[in-house]
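Spelled out from the first residue to the last, the chains are:
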Amino acid sequence: MPAFDIDERLQRDGLLVATLGLCQLRVNNDRRWPWLVLIPQRDGVSEIFDLTPLDQAMLTFETNMVASALKKVTGATKINVGALGNIVRQLHVHVIARSEGDANWPGPVWGFGTAEPWGDDERKAFAARILENL
């Protein structure tokens, strides 16, 4: 697969877990929520409909695969999936585990409080559990 340019904010805020068929899988560097981000490795794409039909199918497959693994690993009440892009235009899909009683339940995760970065060992253990369940 040819190299692609990743937005510096996605690079900064997301720690690489793995490269899947289409997407980079990253863990958002805020341990308050188990929060994964899928970034299709395609330059110049800001909307899902900008992807080819095959890439759209791959994105759906990878999103479902990651969401299922996240649910297994966390036992979350709800898995939220969204592709917003109002601030970072590069297409990326958030997959967030939410549970009753988590920080700001049932409100949104965006703009709430101050991020709590993962410890390196804790993040690696979380990423390993996700990979085991893909």
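1. Section: the overall build of the protein
Scanning the protein for helices and strands turns up 3 helices and 5 strands. Along the protein, helices and strands appear, N-terminal first, in the series α-β-β-β-α-β-β-α. The globule rule puts the C-alpha radius of gyration for 134 residues at 14 Å, and the 14 Å found for the protein is close to it. Its C-alpha atoms put the protein at 40 × 30 × 25 Å along the principal axes. For the protein, buried positions account for 43% of its 134 residues. A sequence separation of at least 24 residues applies to 56% of the contacts in the protein between residues at least 6 apart. Total accessible area on the protein stands at roughly 7200 Å², and carbon and sulfur atoms take up 54% of it. With 14 positive and 17 negative side-chain charges, the protein shows a separation of 4 Å between the mean positions of the two kinds.

2. Side note on the layout of surface pockets
One water molecule sets the probe size; rolling that probe over the atoms shows where empty space is left. The space that makes up the largest pocket amounts to roughly 650 Å³. Those elements that provide at least two residues to the lining of the largest pocket are α1 (8-13), β2 (23-28) and β3 (35-40). Among the elements that make up the lining of the largest pocket, the one with the highest residue count is α1 (4 residues). For the lining of the largest pocket, the residue count by class is 12 nonpolar, 10 polar and 6 charged.

3. Details of helix α2 (residues 53-74)
With 22 residues, α2 ought to run about 32 Å at 1.5 Å a step, and its terminal C-alpha atoms sit 31 Å apart, in line with that. Backbone geometry just after α2 places G75 at a positive phi near 65°.

4. Comments concerning the packing of α2 against helix α3 (residues 120-132)
Look at α2 against α3: their axes get within 8 Å of each other, and the N-to-C directions meet at 120°. Comparing their axes, α3 and α2 come out oblique. As for the relative orientation of α2 and α3, their crossing is right-handed in sense. Touching A69, L70, V73 and T74 of α2 are F126, R129 and I130, all from α3.

5. Section: the sheet that holds β2
In space, the 5 strands of this open sheet follow the order β1-β2-β3-β5-β4, with antiparallel pairing throughout. The open sheet terminates on both sides in strands that have one partner only, identified here as β1 (14-19) and β4 (78-82). Each strand axis lies, on average, 25° off the axis of its neighbour in the sheet, ignoring direction. As judged from the 5 bridges shared by β4 and strand β5 (residues 93-98), these two strands associate in the antiparallel manner. From the neighbouring strand, I79 faces β5, where its bridge partner is A97. The strands touched by α2 within the sheet are β2, β3, β4 and β5, with β5 carrying the most contacts at an inclination of about 20°. Relative to β1, α3 is tilted by about 30°, and along the sheet it contacts β1, β2 and β3.

6. Comments concerning the pattern of salt bridges
Between side chains of opposite charge, a pair can form when the charged atoms approach closely. Across all of its chains, the model carries 10 salt bridges by this definition. The salt bridge involving R123 is made with D120; its shortest N-O contact spans 2.6 Å. Placement of both R123 and D120 in helix α3 is noted, with a separation of 3 residues, approximately one turn of the helix. Overall, the relative accessible area of 15% leaves R123 in the buried class. With its nearest N and O atoms 3.1 Å apart, the salt bridge here joins D120 to K124. With D120 and K124 both in helix α3, this residue pair falls 4 residues apart, about one helical turn. Taking relative accessible area as the criterion, D120 reaches 41% and is therefore assigned partly exposed. On the basis of relative accessible area, K124 is assigned to the partly exposed category, the value being 46%.

What counts and how
- Residues numbered from 1 in each chain as written.
- Predicted model: local features only at pLDDT ≥ 70, side-chain atom pairs only at ≥ 80, totals over all residues.
- Heavy atoms only, no water.
- Helix = DSSP H or I, 4+ residues; strand = E, 2+ residues; numbered from the N terminus.
- Rg over C-alpha atoms; globule rule 2.2 N^0.38 Å.
- Buried < 20%, exposed > 50% of the residue type's maximum accessible area, 1.4 Å probe, protein only.
- Contact = heavy atoms within 4.5 Å.
- Areas by Shrake-Rupley, 256 points an atom, 1.4 Å probe, with all protein chains shown as cover.
- Lys, Arg positive; Asp, Glu negative; His and termini not counted.
- Charge placed at Lys NZ, Arg CZ, Asp CG, Glu CD.
- 1 Å grid on protein atoms, 1.4 Å probe; cavity = no way out; pocket = protein on both sides within 12 Å on 5 of 7 lines; lining within 4 Å.
- Points joined across faces, edges and corners; volume = space filled by probe spheres on them.
- Nonpolar A, V, L, I, M, F, W, Y, C, P; charged D, E, K, R; others polar.
- Expected span 1.5 Å × (residues − 1).
- Axes fitted to C-alpha atoms, helices over the stretch in contact; angles between N-to-C directions.
- Parallel < 35°, antiparallel > 145°, perpendicular 65-115°, else oblique.
- Left-handed = near helix turned anticlockwise from the far one by under 90°.
- Pairing = 2+ DSSP bridges.
- Salt bridge = Lys/Arg side-chain N within 4 Å of Asp/Glu carboxyl O.

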